[in-house]
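Examining the three-dimensional arrangement
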Amino acid sequence: MTPDNDSQFVQSSSLTRYRLAPNPGPMSLEGTNSYVIAAPGAAGTVVVDPGPLDEGHLAALAGAGAVELVLITHRHPDHTEAAARFHELTGAPVRAADPRHCHGGEHLRGGEMLHAGGTDIRVLATPGHTSDSLCFHLPADGPHGSVLTGDTILGRGTTVLDYPDGRLGDYLTSLDVLEALGPATLLPAHGPVLPATDAVCREYRAHRLMRLDQIRAALAGLGADAGVTAVTDAVYPDVDPSVRRAAENSVAAQLDYLRR
């Protein structure tokens, strides 16, 4: 990389650095973290989540090294909008769980072990935020490895379950999968890097169980058949209008979980 390109990236672990995409918002926090994976001396790089269609952002990612592979964590536009354009710019295959977001490459399957950017990348199926959510485990990245979590775990706050595509039962299972990685460095698609994946998973699980208790209490007062709007009013009385829909999605997912 050139010194100018260097200044646009944050070193996030031994094998990764990221560039913040210019798409801040209530759901994306400061913006989407687009990651570049490359071991020292590697001939090529891997880009994870090229993000929104912003030519300056894509040029910087392409200039960070010869891109040999592009990986997508999940289908949301702040991660995938630029995928086709980035494939045009670099010629690198884009791979995702959903074939609709693949360009020049096959869809990804949980359990696959890839070797690119000079390192091993293990694909983890982690549905819940969305049905196609993936995480990417880098076992050789530092003493405990690292994991790129997309929106499955954020660097700040908690993630939304995009119900009905995202389901709480799946999400709790995905937290178990990630917790089993131990104190791996957590590399989220939004927000800051966190030091220990297992500890964050325990916090996330405790938060979900607390919300379930709140919804059970709301249903006890409102009636077992209460709808999403009424339960959201009870559980999230002061929610900002900009994230009201997200709160309703999470409530819908939790009601679905409790009523199954």
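Placed above this text is the structure.
Presented here is an overview of the structure given in this document. All values reported here derive from a predicted model rather than from experimental measurement.

Topic: unusual backbone geometry
The omega angle of the peptide bond from tyrosine 163 to proline 164 is 10°, so this bond is cis rather than trans. Along the chain, the position of proline 164 falls in the loop between strand 10 (146-150) and helix 5 (168-179). A positive phi angle, close to 55°, is found at leucine 29, a residue other than glycine. Mapped onto the elements, leucine 29 comes out in the loop between strand 2 (16-20) and strand 3 (33-37). Of note, the phi angle at aspartate 49 is positive, near 60°, even though the residue is not glycine.

Section: the sheet that holds strand 7 (residues 113-116)
Picture the strands of a sheet paired through backbone hydrogen bonds; they go either parallel or antiparallel. What the five strands build is an open sheet, ordered 7-8-9-10-11; its pairing is mixed. Bordering the open sheet on either side are strand 7 and strand 11 (185-188), each of which pairs with just one other strand. Ignoring strand direction, the axes of neighbouring strands in this sheet form an average angle of 25°.

A short note on the nonpolar core
It is characteristic of soluble globular proteins that their nonpolar side chains tend to be buried jointly. Ile153, Leu175, Leu178 and Tyr204 are the most contacted members of the largest nonpolar core, which has 20 residues in total. Where this core is concerned, the elements lending two or more residues are helix 5 and helix 6 (197-222). It is helix 5 that contributes the most residues to this core, five residues altogether. Those residues in contact with leucine 175, other than ones at most four positions away along the chain, are Ile153, Cys201, Tyr204 and Arg205. Judged by nonpolar contacts, the second largest core, of 17 residues, contains Ile37, Val123, Phe136 and Leu187.

With respect to helix 8 (residues 244-259)
Over its 16 residues, helix 8 runs 22 Å from end to end, which matches the ideal 22 Å to within 8%, given 1.5 Å per residue. All of the buried residues in helix 8 are Arg244, Ala246, Ala247, Asn249, Ser250, Val251, Ala252, Ala253, Gln254, Leu255 and Asp256.

As for the pattern of salt bridges
In total, this model carries 16 salt bridges according to the counting rule given. Between arginine 100 and aspartate 98 there is a salt bridge, with the nearest N and O atoms lying 2.7 Å from each other. Taking the shortest distance from any N to any O, the salt bridge between aspartate 233 and arginine 244 comes out at 2.9 Å. Of this pair, aspartate 233 sits in helix 7 (residues 228-235) while arginine 244 is found in helix 8, placing the two residues 11 residues apart along the sequence. Through salt bridges that share partners, Asp176, Glu179, Arg202 and Arg205 make up one connected network.

Let's talk about the environment of histidine 79
Among the secondary structure elements, histidine 79 is positioned in helix 3 (residues 77-80). For histidine 79, a relative accessible area of 0% translates into the label buried. As for histidine 79 and leucine 69, which are separated by 10 residues in sequence, their C-alpha atoms are 15 Å apart. Non-local contacts of histidine 79, meaning those with residues more than four positions away in its chain, are made with Thr32, Asp49, Pro50, Gly51, Ile72, Thr73, His74, Asp151, Ala189 and His190. Among the polar contacts made by the side chain of histidine 79, one reaches the side chain of aspartate 151 at a distance of 3.2 Å.

Parameters and conventions
Residues numbered from 1 in each chain as written. Predicted model: local features only at pLDDT ≥ 70, side-chain atom pairs only at ≥ 80, totals over all residues. Heavy atoms only, no water. Helix = DSSP H or I, 4+ residues; strand = E, 2+ residues; numbered from the N terminus. Pairing = 2+ DSSP bridges. Axes fitted to C-alpha atoms, helices over the stretch in contact; angles between N-to-C directions. Core = buried A, V, L, I, M, F, W, Y, C linked by side-chain atoms within 4.5 Å. Buried < 20%, exposed > 50% of the residue type's maximum accessible area, 1.4 Å probe, protein only. Contact = heavy atoms within 4.5 Å. Expected span 1.5 Å × (residues − 1). Salt bridge = Lys/Arg side-chain N within 4 Å of Asp/Glu carboxyl O. Polar contact = N/O pair within 3.5 Å; in protein donor to acceptor, adjacent residues only side chain to side chain.

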